[in-house]
Amino acid sequence: MIFSSMIRSARRLALLAVFALATFGLTGCLSHWFLDPSTRLQVENRSSSTIVGIDVVSEDGSSIRPWIRDTIAPGERSRVYEEDWVGTFNIRIRVIEPASGKASVEGSYDIEDLEFDGGSEFLVVSDSEKGHRLHLEFK
């Protein structure tokens, strides 16, 4: 009888340990689906322009904070950048556009009210059908 009660106690402890491990394992994996305090961004440049940076701009334009500082040539991808950007933001994409001859033109495109919910974002930048403006697509 003592032996059977020890077996039941051991089973209960083993079951409790399995539940505890499962709970700890799922907390790290699944919690970012519901509450992720940061956004990871990777950019693929399918445009004819070279991207030289992506910045987060304040509403009034007085504060500019760089997010991606890499130069992303046409056909390339950036590495993944993680920042604590969750919410609605204004973004500035700085580019060097090819021009006729050997000269190139530096410019920027401002995108207002982009919403980041946290988690991973993959941004594809391509040329728009309408001239040299950029087209953004999140995947």
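Residues numbered from 1 in each chain as written. Predicted model: local features only at pLDDT ≥ 70, side-chain atom pairs only at ≥ 80, totals over all residues. Heavy atoms only, no water.

**Some thoughts on the overall build of the protein chain**
A count of helical and extended segments in the protein chain gives one helix and eight strands. Scanning the protein chain from its N terminus toward the C terminus, one meets helices and strands in the order α-β-β-β-β-β-β-β-β. Considering only contacts within the protein chain whose residues lie at least 6 apart along the sequence, 60% involve residues at least 24 apart. (Helix = DSSP H or I, 4+ residues; strand = E, 2+ residues; numbered from the N terminus. Contact = heavy atoms within 4.5 Å.)

**Some remarks on the environment of Asp84**
As for its placement among the helices and strands, Asp84 is situated in the loop between β4 (81–83) and β5 (87–98). With 44 residues separating them along the chain, Asp84 and Arg40 place their C-alpha atoms 8.8 Å apart. The contacts of Asp84, once residues within four sequence positions are left out, are Pro37 and Ser38.

**A closer look at the packing of aromatic side chains**
One pass over the full model with this rule turns up five aromatic pairs. Seen in terms of ring centroids, Trp67 and Phe116 are 5.4 Å apart; in terms of plane orientation they differ by 80°. Their pairing is edge-to-face. With Trp67 in strand β3 (residues 64–68) and Phe116 in strand β6 (residues 104–116), this residue pair connects regions lying 49 residues apart in the sequence. Residues Trp67 and Phe116 agree in their burial class; the two are buried. Ring geometry for Phe89 versus Phe116: centroids 6.4 Å apart, planes at 35°, classification tilted. A residue pair is termed long-range when its members are at least 10 positions apart, and Phe89 in strand β5 and Phe116 in strand β6 qualify at 27 residues. Here Phe89 and Phe116 have matching classes, each one buried. Grouping aromatic residues by their ring pairs yields a cluster made of Trp67, Trp85, Phe89, Phe116 and Phe138. (Phe/Tyr/Trp six-rings, centres within 6.5 Å; stacked < 30°, edge-to-face > 60°. Buried < 20%, exposed > 50% of the residue type's maximum accessible area, 1.4 Å probe, protein only.)

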